[in-house]
Every structure is written in C-alpha cells, then in structure tokens.
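# Analysis of the macromolecular model
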Amino acid sequence: MCSNKDESSQAQQARSSWQITGRKTISQSAGYHINLSNKYSTLQIEDDDEAVMSGDAGNNQTLVPKKTPTIEHEKKRRLKNTPRNIQDTKQNSLPFSNQRDTIQPKKQQCDVALVGDSMIKHVDVRKLRHGTNKQVTVRTFSGCRTDEMAHYIKPTLALKPKQVIIHVGTNDLKTKSRAEIIYNLKNLGNQAKQENPRTGVSLSQIIIRSDDTRLQNKLVEVNKCIQDLCEQENWGLIDNSNISNMHLNPYGLHLNKRGSAILAKNIKLHITNNIDNY
C-alpha cells in the first residue's frame, strides 16, 4: 500500500518537473523576437486581376489570388488593346449621325461596262483590261432577250460607267419582229442615258448563226437597223461582220474559241478608239 503511494508521488513529481521545464522552454523561446511581417511587396497584377488580403489586420496576412491570369486571358487582353479595336471603340462612341458621315462605302470604279447574252461569256475580261488600260466590267446573262435586259442592266448602270456596251438580240430572232427588237434596244440606250447622261452608249451587232437558216435574212436586216439606230442617236457601233460560220461551235449558235477571240478584239478596238470621246 505504501509502495503504491510512493510510486504515485514520484509520478506526480515527474509531471510537475516536466511542466516546469516546458514553461521554461517556452518562456526562454519567448525571449527571442520573431518577425512575422512580409518583407517582400506584393506583385501588382494588371487588368482586372487583383490580390485580396484575408485574415486579421495584424501580421498574420495571407495573399489569396482572386483570379489567376492565363494565356488565353492575356491573348484576349492584347487583342482588346490592338489599334484596330481601339479605333472601333472610338467609332462606336461617336453619335450615330457622325458615324454615318464618317463611314463611306468604297465605290467600284468602272470605265467600261459590257453587258450581254451568252455570246460574250467567253470574252476574257482581264485581256480587255490589259489591252485597253481601262477598268472593264463584263456581265453575262445567258438566254437574255432585249426586253429582259432592261431589268438586268440596272445594277451595272448604278456603277456609272463612262461607256456601256450592249450585246443582245440573238435570242429574240425567233420570237420578236425586227421593229420590236430595235424598239427594245433603243429603250436600253435611253435607260442608260437617263441613269447617267454622261455615259456613252454602244451597241454590238448580232453575231451570225447557222443553227436555223431561216433566220439569216432577218439577222442581216436587224443588224442594218441597229446601224441606223446608232447613227440616229449618235451611239457607238461594233461591227461583227468579220465573224463567220467557221467561228461557231458545232451547234451553230455560240462562238468557238477563235470566234470569242475575234469578238473580244472587236470590243477592244472599239473601246480604245472611242473611250476618250465620252
């Protein structure tokens, strides 16, 4: 019994000495000054990313990144600050009336406009531009007739060309009389003049065809009337009488490669000799 008490007393003394020693250690450690403040300044992050301070207002402060910048974010930031985007932002900030005055659509330059049916579809517009040193526009409407051309020609006339060349009529030979064809051609020329009085008008004669021999005489008569109309209205005339049956394809209606080259040459010579007169 006594031995148990002695053992208990010794254990209590050992714990007391340990607590005292621990206090001494802590008190001795407390004698040293430990600086917990951060001697490094926080990094300044550009854009909308920022560091947020959390914790107590004392020395214990922890930096918590609100948003970590990524490569994609940096790309968007650089794209946003490009000169073009900055200019667009300034433009959008202008009043609507000023924006309308500032933005002006680029107008397409057109010296000569060639419009017609499928007979001109193989005319090389690049060679025309190179050979004439003019800005030439070629627009083809396959199967087009003289009355239908009044609608198709409107967008071309809106370009306000110095000269417009009209080649149409071969699709009318079977269905229209000579007088109807000439009447429609005259309306086309007047339509061009009404759109822009300074635009010169030229008519290209109908090309020979061998698919229907019954149309030969009518074709010659219509071409003679086209010549008279051009003289009467003081319009230009392109004579295509140098194109023969050997310049037609096997079907006898459209031109072969050589025939298209001759037609292009006729048009080029006409442009070169008459463009300065308008």
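Before reading on, note that the structure itself is shown above.
Notes on the structure in this doc start here. Bear in mind that the values here come from a model prediction, so they are computed numbers and not experimental data.

Here we take up the pattern of salt bridges. A side chain with one charge can pair with a side chain of the opposite charge if their charged atoms come near. Counted under the stated rule, the structure contains eight salt bridges. Its salt-bridge partner being E233, residue K186 comes within 3.8 Å of it at the nearest N-O pair. You can see K186 sitting in helix 8 (residues 178–195) and its partner E233 sitting in helix 9 (residues 216–233), a full 47 residues away along the chain. Classification of K186 by relative accessible area gives partly exposed; the value is 30%. A salt bridge links D211 to R209, with the nearest nitrogen and oxygen atoms 2.8 Å apart.

This part takes up empty space enclosed by the protein. In this approach a probe as big as a water molecule rolls over the atoms, and the regions it shows empty are the leftover space. In the structure shown here, the tally under the stated rule is one cavity of 30 Å³ or more. What the largest cavity holds in volume is close to 40 Å³. Along the lines of polarity and charge, the residues of the lining of the largest cavity split into two nonpolar, four polar and one charged.

Where helix 5 (residues 125–132) begins, the capping side chain belongs to D124, and its oxygen is found 3.0 Å from the backbone nitrogen of R126. Looking at the residues trailing helix 5, positive phi occurs at N133, about 60°.

With that out of the way, let us pick up the packing of helix 5 against helix 10 (residues 257–274). Where helix 5 meets helix 10, the closest approach of the two axes is 10 Å, and the angle between their N-to-C directions is 35°. Classified by chirality, the crossing of helix 10 by helix 5 is right-handed. Residues L128, G131 and T132 of helix 5 lie in contact with helix 10, whose contacting residues are A264, I267, K268, I271 and T272. Its residues assigned to classes, the contact of helix 5 with helix 10 comprises four nonpolar, three polar and one charged.

A few words on the environment of T146. Within the element layout of this structure, T146 appears in the loop between strand 4 (136–140) and helix 6 (149–152). A sequence separation of 21 residues divides T146 from H167, and the C-alpha atoms of the two residues are 9.2 Å apart. Contacts of T146, omitting those with residues within four sequence positions, involve V168, G169, D172, K176, I181, N184, L185 and L188. Looking at T146, its side chain comes within polar contact range of the side chain of D172, at 3.0 Å. Separated by 2.9 Å, the side chains of T146 and N184 make a polar contact.

What counts and what doesn't
- Residue numbers run consecutively from 1 along every chain, following the written order of its sequence.
- The predicted nature of this model means local features are confined to residues of pLDDT at least 70 and side-chain atom pairs, given and counted, to a pLDDT of 80 or more, with totals for whole chains, interfaces and linings taken over all residues.
- To obtain the side-chain values, all non-hydrogen atoms of the structure were included, while hydrogens and water were left out.
- Salt bridge, as applied in this entry: a Lys or Arg side-chain nitrogen positioned within 4 Å of an Asp or Glu carboxyl oxygen.
- Helix and strand assignments come from DSSP, with helices taken as H or I runs of at least 4 residues and strands as E runs of at least 2, each series counted from the N terminus.
- Relative accessibility decides the category of a residue: with a 1.4 Å probe and only protein chains considered, values under 20% of the type maximum give buried, values over 50% give exposed, and everything between is partly exposed.
- Cavity: a set of points on a 1 Å grid over the protein atoms alone where a 1.4 Å probe fits but cannot get out. Pocket: an open set with protein on both sides within 12 Å along at least five of seven lines, its lining residues, like those of a cavity, having an atom within 4 Å of a point.
- Grid points are joined across faces, edges and corners, and a volume is the space filled by probe spheres set on the points.
- Each residue gets one of three labels, nonpolar for Ala, Val, Leu, Ile, Met, Phe, Trp, Tyr, Cys and Pro, charged for Asp, Glu, Lys and Arg, and polar for the others, Gly among them.
- Pairs of N or O atoms are called polar contacts if they sit within 3.5 Å, as long as, within protein, a hydrogen donor faces a hydrogen acceptor (for residues adjacent in sequence, only side-chain-to-side-chain pairs).
- With axes taken as lines fitted to C-alpha atoms, and helix axes fitted only over the stretch in contact, angles between N-to-C directions fall between 0 and 180 degrees.
- Handedness of a helix crossing follows the sense of rotation of the near helix relative to the far helix, less than a right angle counterclockwise being left-handed and clockwise being right-handed.
- Here, residues are in contact when the closest pair of their heavy atoms is within 4.5 Å.

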